[in-house]
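Residue strings, one per chain:
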Amino acid sequence: MKGEPIEVSATAGILSIKIQDREIINERIGDKHLFDLTYAEAITYKEAFNAASLSCSQEGDHRGAKEMRESYNNFRRYIAHYEQAQKFTNQNQ
């Protein structure tokens, strides 16, 4: 298991890191960015995105459901690689 991000990029001013071939985009959530959230906050948001995705799907809003699933998966990847992402972002501040 590699401990360091293998690729870093910034598109339209949004940082993304790729760890073990999984891209994590530093999404903006309200007044914070994903990489600024604690582990517990990220889990809370992840579950909220999952619930929102299911709700959109049940209401027939498939585009909204897809967007929520993409955010959910981004948060899931961040949580799975939380320590590595935090180590990287803290080194580069």
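What counts and how
- Residues numbered from 1 in each chain as written.
- Predicted model: local features only at pLDDT ≥ 70, side-chain atom pairs only at ≥ 80, totals over all residues.
- Heavy atoms only, no water.
- Phe/Tyr/Trp six-rings, centres within 6.5 Å; stacked < 30°, edge-to-face > 60°.
- Helix = DSSP H or I, 4+ residues; strand = E, 2+ residues; numbered from the N terminus.
- Buried < 20%, exposed > 50% of the residue type's maximum accessible area, 1.4 Å probe, protein only.
- Contact = heavy atoms within 4.5 Å.

> Looking at this structure, how should I read the packing of aromatic side chains?
Two measures describe an aromatic ring pair: the distance that separates the ring centres and the angle between the ring planes. By the definition in use, this model includes 5 aromatic pairs. Measuring from centroid to centroid gives 5.4 Å for tyrosine 39 and tyrosine 82, while their planes differ by 70°, and the two rings are edge-to-face. With tyrosine 39 in helix H1 (residues 39–58) and tyrosine 82 in helix H3 (residues 82–91), the pair connects residues that are 43 residues apart, well separated along the chain. Judged by relative accessible area, which is 40%, tyrosine 39 ranks as partly exposed.

> Before we go on, may I ask you to explain H3 in this structure?
Because an α-helix packs 3.6 residues into every turn, residues spaced three or four apart end up facing the same way. Within H3, burial applies to Tyr82, Gln84, Ala85, Gln86, Phe88 and Thr89. Looking at the buried residues of H3, the elements they touch are strand E1 (7–11), strand E2 (14–19), H1 and helix H2 (62–80).

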